[in-house]
Amino acid sequence: MNQVSELGFFVLLAKAGSLAAAAREMNVTPSAVTKRLSSLEDRLGVRLLNRTTRRISLTNEGEIYLHHAQRILTDIADMEGLVAHSRTTPKGLLRINAPLGFGRSYIAPVASEFMQLYPEVEIQLTLTDRPISLPDEAIDIAIRFGEIPDSRLFARKIAANRRLLCAAPGYLKRHGRPATAAELSGHQCIVLRQNDAAYGLWRLSKDGKTENIRVSGKASTNDGEVALKWALDGHGILMRAEWDLARYLRSGRLELILEDYVTPPADIYAVYLEKLNISAKVVAFLDYLQESFLPERQERDDNPSIW
């Protein structure tokens, strides 16, 4: 009897609640179960179960053994699932969370393609204006920007992305182009009230020095698309992720400012819980999502890149 089968035997025994029930489950005689349990206890040198003719109960040592046995068996199953996932067809419900604008523009089309590729997968896409907590919500994959503060989560980088400072040509013509980060405090800035970030505080770095600039303006909102529309209308300077600005920068409707400064990172990540690594649908979607953001894939599909 190897140690892994011993763990499985003891977990089954504890779940059955009696030697007779365990014997029926294993299709053996009660005496065979008693003999196997005694052999395990003899090897360990402790009593794991208190037993009567009708029921069994765990000793303190038995509770410890059961707890670790369950964890080890789960780890083994996860490991085998992870190794074998490539041979498994993705299927079942896949729950994805993404920010509103990015989810509509980029994640929804990828999800549509994925469902066509894997017809046995159902996708539930939830778009929210602020991140939700994976451990507390029934979400398999969440799309995030920038740093991932929750150490319980695993993250795969989907694409590089930057936050940029920009304004409409009309605004810059009327108010001038700031030459330093400090000059932002004298400009109309469109401020986003999102994700519990410090309101109106922009962090910019140059030559190894970081400045926290308090900005303000007559326009503020908690919606990124509204902020972008106001910037296009010439109401002020906006700090926004490159994916949201790229087409307007290419067309000239917005112009970059303070390009020699570095803003906080906004790389695009897919985050997930460790245990979900074993799910074929999760792994397949992460692979497909990452491939979808490769520049050569976007050029091949004639789809404007976020860069």
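Since the model is a prediction, treat every value here as computed from it, not as a measurement. (Residues numbered from 1 in each chain as written. Predicted model: local features only at pLDDT ≥ 70, side-chain atom pairs only at ≥ 80, totals over all residues. Heavy atoms only, no water.)

Caption draft 1: Structural detail: the environment of Glu61. The topology assignment puts Glu61 in helix 4 (residues 60-84). Between the C-alpha atoms of Glu61 and Val46, which are 15 residues apart in sequence, the distance is 7.2 Å. Sequence-distant contacts of Glu61, that is, excluding residues within four places in its chain, are made with Val46, Arg47 and Leu48. (Helix = DSSP H or I, 4+ residues; strand = E, 2+ residues; numbered from the N terminus. Contact = heavy atoms within 4.5 Å.)

Caption draft 2: Quick peek at the pattern of salt bridges. Enumeration according to the criterion identifies twelve salt bridges in this entry. Residue Asp267 pairs with Lys157 through a salt bridge whose shortest N-O separation is 3.3 Å. One end of the pair, Asp267, is in the loop between strand 13 (255-256) and strand 14 (268-273); the other, Lys157, is in strand 6 (residues 153-159), and 110 residues separate them in sequence. Overall, Asp267 belongs to the buried group, its relative accessible area being 15%. Relative accessible area serves as the criterion here: at 38%, Lys157 is assigned to the partly exposed category. The partner of Lys229 in a salt bridge is Asp233, with the nearest N and O atoms 2.8 Å apart. On the accessibility criterion, Asp233 (41% relative accessible area) is partly exposed. (Salt bridge = Lys/Arg side-chain N within 4 Å of Asp/Glu carboxyl O. Buried < 20%, exposed > 50% of the residue type's maximum accessible area, 1.4 Å probe, protein only.)

Caption draft 3: Summary view of the sheet that holds strand 6. Read from one edge to the other, the open sheet built from five strands follows the order 4-3-5-14-6, with strand pairing classed as mixed. For this open sheet the edge positions go to strand 4 (121-128) and strand 6, each flanked by a neighbour on one side alone. The sheet shows a mean angle of 25° between the axes of neighbouring strands, direction not considered. As paired strands, strand 5 (residues 141-145) and strand 14 are joined by four bridges and run antiparallel to one another. The partner of Phe145 across the bridge, within strand 14, is Ile268. Sheet contacts for helix 9 (residues 280-292): strand 3 (92-99), strand 4, strand 5, strand 6 and strand 14; angle to strand 6, the most-contacted strand, approximately 30°. (Pairing = 2+ DSSP bridges. Axes fitted to C-alpha atoms, helices over the stretch in contact; angles between N-to-C directions.)

Caption draft 4: Representation of the packing of aromatic side chains in the model. Counted by the stated rule, this structure contains eleven aromatic pairs. With a centroid separation of 5.9 Å and an interplanar angle of 15°, the aromatic rings of Phe102 and Phe293 are classed as stacked. With a gap of 191 residues between them, Phe102 in helix 5 (residues 100-117) and Phe293 in the loop between helix 9 and helix 10 (295-300) connect regions that are remote in the sequence. Summarising the burial analysis for this pair, Phe102 and Phe293 share the class buried. Between Tyr106 and Trp243 the ring centres are 5.7 Å apart and the planes differ by 90°, which places this aromatic pair in the edge-to-face class. Residue Tyr106 is located in helix 5, and its partner Trp243 is located in helix 8 (residues 242-251); the two are separated by 137 residues in the primary sequence. The exposure class assigned to Trp243 is buried, which follows from its relative accessible area of 8%. (Phe/Tyr/Trp six-rings, centres within 6.5 Å; stacked < 30°, edge-to-face > 60°.)

Caption draft 5: Region of the structure containing the nonpolar core. The biggest cluster of nonpolar side chains holds 27 residues, and the ones touching the most others in it are Leu94, Ile143, Phe285 and Leu289. Secondary-structure elements contributing two or more residues to this core are strand 3, helix 5, strand 4, strand 5, strand 6, strand 14 and helix 9. (Core = buried A, V, L, I, M, F, W, Y, C linked by side-chain atoms within 4.5 Å.)

Caption draft 6: Highlighting the sheet that holds strand 13. A sheet is described by the order of its strands in space; here five strands give the open sequence 11-8-12-7-13, paired in mixed fashion. Both edges of this open sheet fall to strand 11 (220-221) and strand 13, since each of them pairs with a single strand only. Of the pairings in the sheet, the one linking strand 8 (residues 189-192) to strand 12 (residues 237-241) comprises two bridges and is parallel in character. When the sheet's bridge partners are listed, Cys189 is paired in strand 12 with Ile237. Each of strand 8, strand 11 and strand 12 touches helix 7 (residues 224-232); the most contacted strand, strand 8, lies at about 175° to it.

Caption draft 7: Quick look at the side chain of Asp140. Looking at the element boundaries, Asp140 is found in the loop between strand 4 and strand 5. Asp140 sits in the buried class, given a relative accessible area of 3%. Side-chain polar atoms of Asp140 contact the backbone nitrogen of Arg95, separated by 2.8 Å. (Polar contact = N/O pair within 3.5 Å; in protein donor to acceptor, adjacent residues only side chain to side chain.)

Caption draft 8: Broad picture of helix 3 (residues 30-44). For helix 3, with 15 residues, the first-to-last C-alpha span of 21 Å sits near the 21 Å given by 1.5 Å per residue. Burial in helix 3 covers these residues: Val33, Leu37, Leu40 and Glu41. All buried residues of helix 3 lie within an arc of 95° about the axis, which places them on one face of the element. Exposed residues pointing more than 90 degrees away from the buried face of helix 3 are listed as Ser31, Lys35 and Asp42. Phi turns positive, to about 75°, at Gly45, one or two residues after helix 3. (Expected span 1.5 Å × (residues − 1). Arc of directions from axis to C-beta.)

Caption draft 9: Here's a closer look at the packing of helix 2 (residues 19-26) against helix 3. The contact between helix 2 and helix 3 brings their axes to 8 Å, and the two run at 105°. The angle between helix 2 and helix 3 falls in the class roughly perpendicular. Here Leu19, Ala22, Ala23 and Met26 of helix 2 lie close against helix 3, whose contacting residues are Pro30, Val33, Thr34, Arg36 and Leu37. Here the contact of helix 2 with helix 3 is built from residues that sort into seven nonpolar, one polar and one charged. (Parallel < 35°, antiparallel > 145°, perpendicular 65-115°, else oblique. Nonpolar A, V, L, I, M, F, W, Y, C, P; charged D, E, K, R; others polar.)

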